[in-house]
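Structural overview for review
Given next are the chains, with one letter for each unit.
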Amino acid sequence: MATPPFRVAVLISGTGTNLQALLDTVHGQRVAPEGTATIQIAAVASSRPDAPGLERAGRAGVETAVFAISDHPDRAARDRALGDWLEERGIDLVVLAGFMEMLGPEFVGRFRNRMVNVHPSLLPAFPGVGAIEQAVEHGARVTGVTVHFVDEHLDNGPIVAQEALELSYPARIAEIEQRVHALEHRLLPRAVRLIAAGRVRIDPHNPRVVLVDNVD
Ligand code: GRF
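Residues numbered from 1 in each chain as written. Predicted model: local features only at pLDDT ≥ 70, side-chain atom pairs only at ≥ 80, totals over all residues. Heavy atoms only, no water.

What follows deals with the environment of serine 47. Along the chain, serine 47 turns up in the loop between strand S2 (39–46) and helix H2 (53–59). In this structure serine 47 comes out as buried when scored by relative accessible area, which is 5%. Placed 18 residues apart in sequence, serine 47 and alanine 65 show a C-alpha to C-alpha distance of 8.9 Å. The residues contacting serine 47, other than those within four sequence positions of it, are Ile12, Ser13, Phe67, Ala68, Arg78, Phe99 and Glu101. (Helix = DSSP H or I, 4+ residues; strand = E, 2+ residues; numbered from the N terminus. Buried < 20%, exposed > 50% of the residue type's maximum accessible area, 1.4 Å probe, protein only. Contact = heavy atoms within 4.5 Å.)

Written out as structure tokens, the structure is:
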């Protein structure tokens, strides 16, 4: 009997280049070379109806939905509707890829250790919006990309993967953005593959630490 796929949902608010990277690299691929299970980008939800990423999902034949706060009584109600939608679809992992809104504690609790975010800095440096600009304004010589589990605090949960890149000055923001995005497009799919393969777990001795079995 075929092993059921590892079902991933991607949450977006905008362009969706990270979603595209996942569609191009992990979607439909085997979880592990020796196994039969595949990774499936099974659903894409956007906080905005005009997010260009929705078209990327549509082109790949992935089911989409919009969960704007303005369509619900409040954020908690939106979060509940979104969580129900994801659970109805049997989602194993939620990926926040440019999802530009905070999700409330109830939602975070529902998907604890089953939800990751990609952030364009080496956390805990430069959390929040404009991370690349923050790093350049600070004069940082090194920045990078972080994939981390999502907890109740902004850009704070346990770190699954990080990769650095060097900055030099005078800095050209557009060029740094390109390098950061290229890094994201490699690091996020790698993290999703490792999680799907069951190679990622929280250290029972320190819940801040993620243990990764990085065999390949
Ligand atoms: C990425 O830089 C990601 O790190 C941040 O938002 C951006 C989304 O870009 N959280 P895209 O929509 O995937 O192109």
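Further notes follow.
Any two packed helices are characterised by the angle at which their axes cross and by the distance between the axes. Two numbers describe how helix H1 (residues 17–25) lies on helix H6 (residues 173–196): the axes approach to 9 Å, and their chain directions differ by 55°. It follows from the interaxial angle that H1 and H6 lie oblique. Note that H1 runs across H6; the crossing there is right-handed. On the side of H1, the interface is formed by Thr17, Asn18, Ala21, Leu22 and Thr25, while H6 contributes Glu184, His185, Leu188, Pro189, Val192 and Arg193. Split by residue class, the contact of H1 with H6 holds five nonpolar, four polar and two charged. (Axes fitted to C-alpha atoms, helices over the stretch in contact; angles between N-to-C directions. Parallel < 35°, antiparallel > 145°, perpendicular 65-115°, else oblique. Left-handed = near helix turned anticlockwise from the far one by under 90°. Nonpolar A, V, L, I, M, F, W, Y, C, P; charged D, E, K, R; others polar.)

Turning our attention to the side chain of histidine 119. With respect to the helices, strands and loops of the structure, histidine 119 is situated in strand S5 (residues 115–119). Those residues in contact with histidine 119, other than ones at most four positions away along the chain, are Phe126, Pro127, Gly128, Ala131, Gly144, Val145, Thr146, Asp155 and Glu184.

This paragraph deals with the pattern of salt bridges. Applying the stated criterion across every chain yields a total of 12 salt bridges. Across the salt bridge formed by arginine 78 and glutamate 101, the nearest N and O atoms sit 2.8 Å from each other. Here the residue arginine 78 occupies a position in helix H3 (residues 75–88), and glutamate 101 occupies one in the loop between strand S4 (93–96) and helix H4 (105–110), the gap between them amounting to 23 residues. The partner of aspartate 84 in a salt bridge is arginine 110, and the shortest N-O contact between them spans 2.6 Å. (Salt bridge = Lys/Arg side-chain N within 4 Å of Asp/Glu carboxyl O.)

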